[in-house]
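# Observations on the three-dimensional arrangement
Listed below are the residues making up each chain.
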Amino acid sequence: MPAEVSSASPSSPALTERQEARRRRILHASAQLASRGGFDAVQMREVAESSQVALGTLYRYFPSKVHLLVATMQAQLEHMHGTLRKKPPQDATAAERVAETLMRAFRALQREPHLADAMVRALTFADRSVSPEVDQVSRQTTMIILDAMGLEDPTPQQLSAVRVIEHTWHSALITWLSGRASIAQVKIDIETVCRLIDLTAPEEPARRR
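In this text the structure is predicted, and so the values were computed from the model without any measurement. Sequence order as written defines the numbering, with residues in each chain counted from 1. Whole-chain, interface and lining totals are the exception, using all residues; otherwise, since this is a predicted model, local features are given only for residues with pLDDT of at least 70 and side-chain atom pairs are given and counted only at 80 or more. Note that water and hydrogens are dropped before the side-chain values are worked out from all heavy atoms of the structure.

On to the overall build of the protein chain, then. Check the secondary structure of the protein chain and you find 10 helices and zero strands. For the protein chain, the α and β elements follow one another from N to C terminus as α-α-α-α-α-α-α-α-α-α. A principal-axis box enclosing the C-alpha atoms of the protein chain has dimensions of 75 × 40 × 30 Å. Counting across all 209 residues of the protein chain, residues that qualify as buried make up 44%. Considering only contacts in the protein chain between residues 6 or more positions apart, those separated by 24 or more positions represent 73%. To qualify as a helix, a DSSP run of H or I must reach at least 4 residues; to qualify as a strand, a run of E must reach at least 2; elements of each kind are numbered from the N terminus. Three exposure classes are used, based on accessible area relative to the maximum for each residue type with a 1.4 Å probe and protein chains only: buried under 20%, partly exposed in between, and exposed over 50%. Note on contacts: a residue pair qualifies if any of its non-hydrogen atoms lie within 4.5 Å across the two residues.

Right, let's talk about helix α7 (residues 131-149) for a bit. Helix span is expected to be 1.5 Å times the residue number reduced by one. Taking 1.5 Å of rise per residue, 19 residues should cover 27 Å, and α7 covers 27 Å from first to last C-alpha, within 8% of that figure. Buried residues of α7: Glu133, Gln136, Val137, Gln140, Thr141, Thr142, Ile144, Ile145, Leu146, Ala148 and Met149, and no others. Taken together, the buried residues of α7 touch α4 (65-86), α5 (94-110), α8 (156-177) and α10 (196-199). Positive backbone phi, at 80°, marks Gly150, one or two positions downstream of α7.

What follows concerns the packing of aromatic side chains. Pairing of aromatic rings covers Phe, Tyr and the six-membered ring of Trp, with a centre-to-centre limit of 6.5 Å; geometry is then stacked below 30 degrees between planes, edge-to-face above 60, and tilted otherwise. Under the defined criterion, the tally for this structure stands at three aromatic pairs. On the basis of an interplanar angle of 80° and a centroid distance of 5.5 Å, the ring pair of Phe39 and Phe125 is categorised as edge-to-face. Residue Phe39 is found in the loop between α1 (17-37) and α2 (44-51), and its partner Phe125 is found in helix α6 (residues 113-125); the two are separated by 86 residues along the sequence. When its relative accessible area of 10% is taken as the criterion, Phe39 is described as buried. Classification of Phe125 as partly exposed rests on a relative accessible area of 45%.

With that settled, the discussion passes to the nonpolar core. For this analysis, a nonpolar core means a set of buried residues of the types Ala, Val, Leu, Ile, Met, Phe, Trp, Tyr and Cys, connected via side-chain atoms within 4.5 Å. Val98, Trp169 and Cys194 are the most contacted members of the largest nonpolar core, which has 60 residues in total. For Val98, the residues in contact, after removing those within four places along its chain, are Ile145, Ala148, Met149, Ile165, Cys194 and Ile197.

Here we come to the pattern of salt bridges. Salt bridges are identified by distance alone: a Lys or Arg side-chain nitrogen within 4 Å of an Asp or Glu carboxyl oxygen. Inspection of the entire model under this criterion finds five salt bridges. Notably, a salt bridge pairs Arg107 with Glu100, separated by 3.5 Å at the nearest N-O pair. Overall, Glu100 belongs to the partly exposed group, its relative accessible area being 28%. Through salt bridges with shared partners, a single ionic network connects Glu100, Arg104 and Arg107.

The next thing to look at is unusual backbone geometry. One non-glycine residue, Gln52, lies in the positive phi region at around 60°. Positionally, Gln52 belongs in the loop between α2 and α3 (55-61). Note on Gln52: relative accessible area 67%, which makes it exposed.

Moving on, we get to the environment of Gln185. Along the polypeptide, Gln185 turns up in helix α9 (residues 183-193). Separated by 13 residues in sequence, Gln185 and Ala172 place their C-alpha atoms 8.8 Å apart.

Each residue carries a pLDDT score, the predictor's own confidence in it, on a scale running from 0 to 100. For the protein chain, the average pLDDT comes to 89, and 90% of its residues sit at 70 or higher. Element-level mean pLDDT values for the protein chain span from 92 in α10 up to 97 in α2. When the criterion is pLDDT under 50, residues 1-11 qualifies, and its contacts beyond four places in sequence or with other chains add up to 39 contacts. Across residues 204-209 the pLDDT falls below 50, and counting only partners more than four positions away or on other chains, this stretch makes zero contacts in the model.

Our next topic: the environment of Val137. Tracing the sequence through the fold places Val137 in helix α7. The sequence separation of Val137 and Thr72 amounts to 65 residues, and the corresponding C-alpha distance is 9.3 Å. Contacts of Val137, omitting those with residues within four sequence positions, involve Val70, Met73, Gln74, Leu77 and His170.

Further remarks concern the packing of α5 against α7. Running from amino to carboxyl end, α5 crosses α7 at an angle of 140°, the nearest separation of the two axes being 8 Å. In terms of orientation, α5 and α7 fall into the oblique class. With respect to the hand of their crossing, α5 and α7 are arranged in right-handed fashion. Across the interface between the two elements, Ala94, Arg97, Val98, Thr101 and Leu102 from α5 touch Ile144, Ile145, Ala148 and Met149 from α7. Lines fitted to the C-alpha atoms define the axes, with helices restricted to the stretch that makes contact. Angles between their N-to-C directions range from 0 to 180 degrees. If an angle is under 35 degrees, it is roughly parallel; if it is over 145, roughly antiparallel; if it lies from 65 to 115, roughly perpendicular; otherwise it is oblique. Helix crossings fall into two classes, left-handed where the near helix is turned counterclockwise from the far one by less than a right angle and right-handed where it is turned clockwise.

Here it is, written out as structure tokens:
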């Protein structure tokens, strides 16, 4: 599931075309190494060699392996988002569409378990210094969910539901990767939490009699 398209954090200076291409190479190399051997296989020196950048240059883009792998997760989610937009779910309700969307994303990660484990471990290890990258992952996940809901201007209650759904999805990834939950259980949990969408939908104004 290699994704070679990503963007810098909104708070970062805009990258030149050459810098963006270099960043894509770095993220691609990170994903390839993680796919083969998980978290421990992603060594900064090997990433630099694989992406044909100097080690010092790599550290200017990503100060640590955790920064790099969280950014890799954002890139993977961005790639998934593009794929999902080409063939969006056709379920009748917003809750069903979000559940189907998140299960598609889950199955994509399931096909690359070493990569999924590396990215989720990095997200778990992330401290405050990685906040911009973690925020990007959260924003990308939110965009995926809102697209599935068909919403452009969600209410505060709907955004709260989206956050709870995000937390459940990430928790489901962790429990599945650790062998504590089956795919069937993950599906049940995702479908259950997505029912919050129905509970937070704005009420239609009462009709006059």
